[in-house]
Amino acid sequence: MTDRYAVVGNPITHSLSPLIHSAFAAQTGEDIRYDKLLAERDGFAEFAREFFAAGGKGLNVTVPFKLDACNFADRLTERASAAGAVNTLKLETDGSLLGDNTDGAGLVADIRDNLGWDIAGKRVLLLGAGGAARGALLPLLAEQPALLYIANRTAAKALQLATEFAGPSQLGGGGYDTLAGHFDLVINASAASLGGEVPPLPEGIFAPGAKAYDMVYGAEPTPFMRWAQQRGAAVADGLGMLVGQAAEAFNLWRGVRPEVAPVLQQLRKEIQNKS
């Protein structure tokens, strides 16, 4: 019997998730159907109840419902609890719903495994202090960077995150005007690229051989990527993170970890062809 999964959001027409999960299913031989579904902005709970009551096995959750999904889940994984948001719901055998957040794991897998960039022992700068940054913190800290510094336009939000996640790793936070020294890896988790802007970073932020990663993706390099490239950094966008978080969700649902590289290559071609 074909198991049913879907991604839910508002808007949702742009979602690449059905392409990704269909490719994973073909690759692994898993018998699933995967749809993209629109829910009313104030109707997530009703939508989710109906979806699972009708036999749905799992949901990916995108904007603006990640907080709703967090509240809807019966229990949360550690990383979902830390993120305060859920992007994956799984129906358990006892009928309860597990809420997970696979975004940070997808980010780390892309940086470490696909790109071959080091996080462990490096000075890492995370730009932004919103949901995207929060979801990335626990998986990034698990890689044991020498320093993880959160920079945000509103310094208090960055400091709050740094305090909340403080642990054995060296973690700090503040405004962009507090930035000093060089960083080996700079990750843009802010919304600046969506508005065609670059965060207000000082010159000289990149260490020799530095890497710059933007969570946003598209057919062309983002403004942040262009800015970093002009200053000698190697750059990457967040398409691999999208595929990586999907692979993490697929593994949670099916107990099979698909190969990311061929699907990432396929998606990159799709995006280039549409541009």
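Read on for a plain summary of the structure. Because the structure is predicted, anything quoted here is derived from the model rather than measured. (Residues numbered from 1 in each chain as written. Predicted model: local features only at pLDDT ≥ 70, side-chain atom pairs only at ≥ 80, totals over all residues. Heavy atoms only, no water.)

Within the protein, the secondary structure is distributed over 10 helices and 12 strands. Here the C-alpha atoms of the protein give a radius of gyration of 19 Å, agreeing with the 19 Å that 2.2 N^0.38 yields for 275 residues. Across the protein, every contact between residues at least 6 apart in sequence was considered, and the portion connecting residues at least 24 apart equals 65%. For the protein, the accessible area works out to roughly 12400 Å², and carbon and sulfur atoms hold 50% of it. Distance between charge centroids for the protein: 3 Å, based on 24 positive and 30 negative side chains. (Helix = DSSP H or I, 4+ residues; strand = E, 2+ residues; numbered from the N terminus. Rg over C-alpha atoms; globule rule 2.2 N^0.38 Å. Contact = heavy atoms within 4.5 Å. Areas by Shrake-Rupley, 256 points an atom, 1.4 Å probe, with all protein chains shown as cover. Lys, Arg positive; Asp, Glu negative; His and termini not counted. Charge placed at Lys NZ, Arg CZ, Asp CG, Glu CD.)

This part takes up the environment of Leu194. Locating Leu194 in the fold gives a position in the loop between β10 (183-188) and β11 (206-214). With relative accessibility at 68%, the residue Leu194 sits in the exposed group. Considering only alpha carbons, one finds Leu194 and Pro223, 29 residues apart in sequence, at a separation of 9.2 Å. (Buried < 20%, exposed > 50% of the residue type's maximum accessible area, 1.4 Å probe, protein only.)

Another aspect to go through is the environment of Ala120. Mapped onto the secondary structure, Ala120 falls in the loop between α5 (103-114) and β7 (123-127). Take Ala120: its relative accessible area is 49%, and that puts it in the partly exposed class. With 87 residues separating them in the primary sequence, Ala120 and Ala207 have C-alpha atoms 16 Å apart. Setting aside chain neighbours within four positions, we find Ala120 in contact with Glu143, Gln144 and Pro145.

So, about the nonpolar core. Core analysis: the largest hydrophobic core is formed by 28 residues, its most contacted members being Leu107, Leu140, Ile187 and Tyr213. Membership of the second largest hydrophobic core comes to 23 residues, among which are Ala25, Ile32, Leu239 and Trp253. (Core = buried A, V, L, I, M, F, W, Y, C linked by side-chain atoms within 4.5 Å.)

Working definition: an aromatic ring pair is given by the centre-to-centre distance plus the angle between the planes. Summed over all chains, the structure comprises eight aromatic pairs. Judged by centre distance (5.3 Å) and plane angle (85°), the rings of Phe51 and Phe52 are edge-to-face. Accessibility classification places Phe51 together with Phe52 in one group, the buried group. If you follow Arg123 out to its NZ or CZ, it ends over the ring of Phe183, 4.9 Å from the centre. (Phe/Tyr/Trp six-rings, centres within 6.5 Å; stacked < 30°, edge-to-face > 60°. Lys NZ or Arg CZ within 6 Å of the ring centre and 35° of its normal.)

Relative to the assigned elements, Ser96 resides in the loop between β5 (88-91) and β6 (97-100). Within polar-contact distance, the side chain of Ser96 engages the side chain of Asp94 at 2.6 Å. Among residues more than four places away in sequence, those in contact with Ser96 are Asp74, Lys90 and Leu91. (Polar contact = N/O pair within 3.5 Å; in protein donor to acceptor, adjacent residues only side chain to side chain.)

Another aspect to go through is the sheet that holds strand β12 (residues 234-236). Picture the strands of a sheet paired through backbone hydrogen bonds; they go either parallel or antiparallel. Ordered by their spatial adjacency, six strands build an open sheet running β9-β8-β7-β10-β11-β12, and the pairing between neighbours is parallel. In this open sheet, the two strands that pair with only one neighbour each are β9 (171-175) and β12. Each strand of the sheet is rotated relative to its neighbour by a mean of 20°, with strand direction disregarded. With five bridges connecting them, β7 and strand β8 (residues 147-152) associate as parallel partners. The residue of β8 that forms the bridge with Leu125 is Tyr149. Relative to the sheet, helix α8 (residues 223-230) contacts β7, β10, β11 and β12, its axis offset from that of β11 by approximately 170°. (Pairing = 2+ DSSP bridges. Axes fitted to C-alpha atoms, helices over the stretch in contact; angles between N-to-C directions.)

Turning our eyes to something else, we now look at the packing of α5 against helix α6 (residues 131-142). For any two helices packed against each other, the geometry is given by the interaxial angle and the distance between the axes. Remark: α5 packs on α6, axes separated minimally by 7 Å, with the N-to-C direction vectors making an angle of 55°. Accordingly, the angle class assigned to the pair α5 and α6 is oblique. As for the relative orientation of α5 and α6, their crossing is right-handed in sense. Here Gly104, Ala105, Leu107 and Val108 of α5 lie close against α6, whose contacting residues are Gly135, Ala136, Pro139 and Leu140. (Parallel < 35°, antiparallel > 145°, perpendicular 65-115°, else oblique. Left-handed = near helix turned anticlockwise from the far one by under 90°.)

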